[in-house]
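Observations on the three-dimensional arrangement
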Amino acid sequence: MIIKIYNFILKKLNKLCFATSLAKKSSLILFISFMYFTSCGKTSVSIDDSTYEPKIVIAGLLFPDKPVSNIKITRNFSVGSEINKNEINLRDAIVSITDLQSG
């Protein structure tokens with residue numbers, strides 16, 4: 001369907017323009033604009049809080065043969081809840097990293 005529209009636009013622009021390259025450029029710009037404006041979704045999103053599960057988030061990078069550093073342990077919050085910055089980071093967490101192959 002989109003290809004048919006593109007070909008239709010290209011044919012019309014070829015009739016209007018003398019230079020084929022100008023027609024192709026113009027049709028491409030028109031096609032991209034058409035796709036941009038027609039691919040927009042809804043402007044509002046409804047979120048259901050019943051699917052929220054509290055979870056712990058571990059963010060960081062581990063490199064072989066390097067000491068562990070810059071690992072952040074945080075928790076998630078439900079959308080729309082008031083977030084206390086002091087409750088995001090888990091500062092007293094005890095974490096251990098285990099190599100499952102060696103035990």
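Conventions and cut-offs
- Residues numbered from 1 in each chain as written.
- Predicted model: local features only at pLDDT ≥ 70, side-chain atom pairs only at ≥ 80, totals over all residues.
- Heavy atoms only, no water.
- Helix = DSSP H or I, 4+ residues; strand = E, 2+ residues; numbered from the N terminus.
- Buried < 20%, exposed > 50% of the residue type's maximum accessible area, 1.4 Å probe, protein only.
- Contact = heavy atoms within 4.5 Å.
- 1 Å grid on protein atoms, 1.4 Å probe; cavity = no way out; pocket = protein on both sides within 12 Å on 5 of 7 lines; lining within 4 Å.
- Points joined across faces, edges and corners; volume = space filled by probe spheres on them.
- pLDDT = per-residue confidence, 0-100.

So, the overall build of the protein
The secondary structure content of the protein amounts to 3 helices and 2 strands. Ordered by position from N to C terminus, the α and β elements of the protein give α-α-β-β-α. Put simply, the protein has 103 residues, and 10% of those count as buried. For the protein, the share of sequence-separated contacts (at least 6 apart) that also reach a separation of at least 24 residues comes to 20%.

Side note on the layout of surface pockets
With a probe scaled to a water molecule rolled over the atoms, the places where space remains empty come into view. Reported here for the largest pocket is a volume of approximately 180 Å³. Around the largest pocket sit Ile 58, Ala 59, Gly 60, Leu 62, Val 68, Ile 71, Ile 73, Val 95, Ser 96 and Ile 97, which together line it.

Here we look at the side chain of Thr 74
Inspection of the secondary structure puts Thr 74 in strand S2 (residues 72–75). For Thr 74, a relative accessible area of 17% gives the class buried. Once residues lying within four places of it in the same chain are set aside, the contact partners of Thr 74 are Lys 55, Ile 56, Val 57, Ile 88, Asn 89 and Leu 90.

Some details on the confidence of the model for the protein
Summarising the model, the protein shows a mean pLDDT of 78, and 81% of its residues fall at 70 or more. Mean pLDDT values over the elements of the protein span from 70, in helix H1 (residues 2–16), up to 89, in S2.

Here's the deal with unusual backbone geometry
With phi around 60°, Asp 65 is a residue other than glycine that occupies positive phi space. Mapping Asp 65 onto the fold places it in the loop between strand S1 (56–59) and S2. Even without being glycine, Asn 70 reaches a positive phi, approximately 60°. Relative to the elements of secondary structure, Asn 70 occurs in the loop between S1 and S2.

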